[in-house]
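Below are the chains, spelled out letter by letter.
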Amino acid sequence: AAEPAAPTVRAAELPAPADAPPRGVQPAADLGRRLLDLARDVFMIPVEEIAAGVVPRASQVLGTLTDGRYREVRFKNNLQTHLVDAASDEEVPFGYLPALDRDLAWLSIKFALVEGALKRVRVPVIFDRSLDAMPDAKGPLLARMLAFLGAGTQVVCITSKTTIR
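Cut-offs and rules
Residues numbered from 1 in each chain as written. Predicted model: local features only at pLDDT ≥ 70, side-chain atom pairs only at ≥ 80, totals over all residues. Heavy atoms only, no water. Pairing = 2+ DSSP bridges. Helix = DSSP H or I, 4+ residues; strand = E, 2+ residues; numbered from the N terminus. Axes fitted to C-alpha atoms, helices over the stretch in contact; angles between N-to-C directions. Contact = heavy atoms within 4.5 Å. Expected span 1.5 Å × (residues − 1). Buried < 20%, exposed > 50% of the residue type's maximum accessible area, 1.4 Å probe, protein only. 1 Å grid on protein atoms, 1.4 Å probe; cavity = no way out; pocket = protein on both sides within 12 Å on 5 of 7 lines; lining within 4 Å. Points joined across faces, edges and corners; volume = space filled by probe spheres on them. Nonpolar A, V, L, I, M, F, W, Y, C, P; charged D, E, K, R; others polar. pLDDT = per-residue confidence, 0-100. Parallel < 35°, antiparallel > 145°, perpendicular 65-115°, else oblique. Left-handed = near helix turned anticlockwise from the far one by under 90°.

Trainee: How should I be thinking about the sheet that holds strand 1 (residues 70–76) in this particular structure?
Mentor: Sheets are built from strands paired through backbone hydrogen bonds, the pairs being either parallel or antiparallel. As summarised here, the arrangement of the three strands in space is 1-2-3, forming an open sheet in which the pairing is antiparallel. Each end of this open sheet is capped by a strand with a single partner; those strands are strand 1 and strand 3 (91–93). Across the sheet, the mean angle separating the axes of adjacent strands is 30 degrees when strand polarity is ignored. Both strand 1 and strand 2 (residues 80–85) contribute to a ladder of six bridges, which runs antiparallel. What sits directly across from Tyr70, in strand 2, is Asp85. Of the strands in this sheet, strand 1 and strand 2 touch helix 3 (residues 99–120), which is tilted by about 70 degrees from strand 1.

Below you can see the structure in the form of structure tokens.
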């Protein structure tokens, strides 16, 4: 006698991983990981070491930029960027963050990487339109951040934001 066929399971019936978004939602690109990959050319050390070194400062900047909504940057599972929500203590993958939170996370990682690079070599730093998407309310804070970098090197910021002075 022929054996009965195994039941067919459709992908839509499989449970989603714990950190997955609702079905049908596509994540945005992980720009945190992209920044780490680019930093490898500057630091000339393994990207895992760069990630470990940047986490404390990036987390500090992230907390400030998000008014405490997120408390930590983490690089997990092949250095994928996650943020820790301060209220729920849950990790949120970078690609599933709201657009503004992705921008703030990207800036916090970039700022920490630039600071780290400036400890090795002093070079001019240019922000060319990269701060244009930031909310006007963050302008004074961004100006202080740029001034902090400017204490150690030349900083050029090209932006249409009038709140960054």
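Trainee: Would you mind going over helix 3 with me for this structure?
Mentor: Since the α-helix packs 3.6 residues into each turn, any two residues three or four apart lie on the same face. For helix 3, which comprises 22 residues, the first-to-last C-alpha distance of 32 Å matches the rise-based estimate of 32 Å (1.5 Å per residue) to within 8%. The element helix 3 is largely enclosed, with a buried count of 16 among its 22 residues.

Trainee: What is the right way to look at empty space enclosed by the protein in this model?
Mentor: One way to see where empty space is left: roll a probe the size of a water molecule over the atoms. All told, the structure shown has one cavity of 30 Å³ or more when counted by the stated rule. The volume enclosed by the largest cavity comes to roughly 50 Å³. Looking at the lining of the largest cavity, the elements with two or more residues in it are helix 3 and helix 4 (139–150). The biggest single contributor to the lining of the largest cavity is helix 4, with three residues. Class assignment for the residues of the lining of the largest cavity results in seven nonpolar, no polar and no charged.

Trainee: How should the layout of surface pockets be read in this particular structure?
Mentor: Taken as a whole, the largest pocket holds about 290 Å³ of empty space. Taken together, 13 residues line the largest pocket, and the ones lying closest to its centre are Val42, Lys110, Leu113, Val114 and Ala117. Elements represented by at least two residues in the lining of the largest pocket include exactly helix 1 (31–43) and helix 3. Among the residues forming the lining of the largest pocket, the class breakdown is 12 nonpolar, no polar and one charged. Its volume calculated, the second largest pocket comes out at about 200 Å³. Every residue along the wall of the second largest pocket is listed here: Phe43, Ile45, Glu49, Ile50, Gly53, Val54, Arg57, Ala112, Leu113, Glu115, Gly116 and Lys119. Of all the secondary structure elements, the ones that give two or more residues to the lining of the second largest pocket are helix 2 (47–65) and helix 3. In terms of residue class, the lining of the second largest pocket is built from six nonpolar, two polar and four charged.

Trainee: Any chance you could explain the confidence of the model for the chain here in plain terms?
Mentor: Predicted coordinates in regions of low pLDDT should not be interpreted in detail. Residues of the chain with pLDDT of at least 70 account for 85%, and the chain-wide mean is 88. pLDDT under 50 marks residues 8–19. Its contacts with residues more than four places away, or in other chains, come to 10 contacts.

Trainee: What am I meant to see in the packing of helix 3 against helix 4 here?
Mentor: Axes are the key here: two packed helices are described by the angle between their axes and the distance separating the axes. Direction vectors running N to C along helix 3 and helix 4 enclose 15 degrees, while the axes themselves pass 11 Å from each other. Judged by the inter-axis angle, helix 3 sits roughly parallel to helix 4. Taken as a pair, helix 3 and helix 4 cross one another with a handedness that is left-handed. Each of Leu107, Phe111, Val114, Glu115 and Leu118 in helix 3 lies in contact with helix 4, whose residues at this interface are Leu142, Met145, Phe148 and Leu149. Grouping the constituent residues of the contact of helix 3 with helix 4 by class yields eight nonpolar, no polar and one charged.

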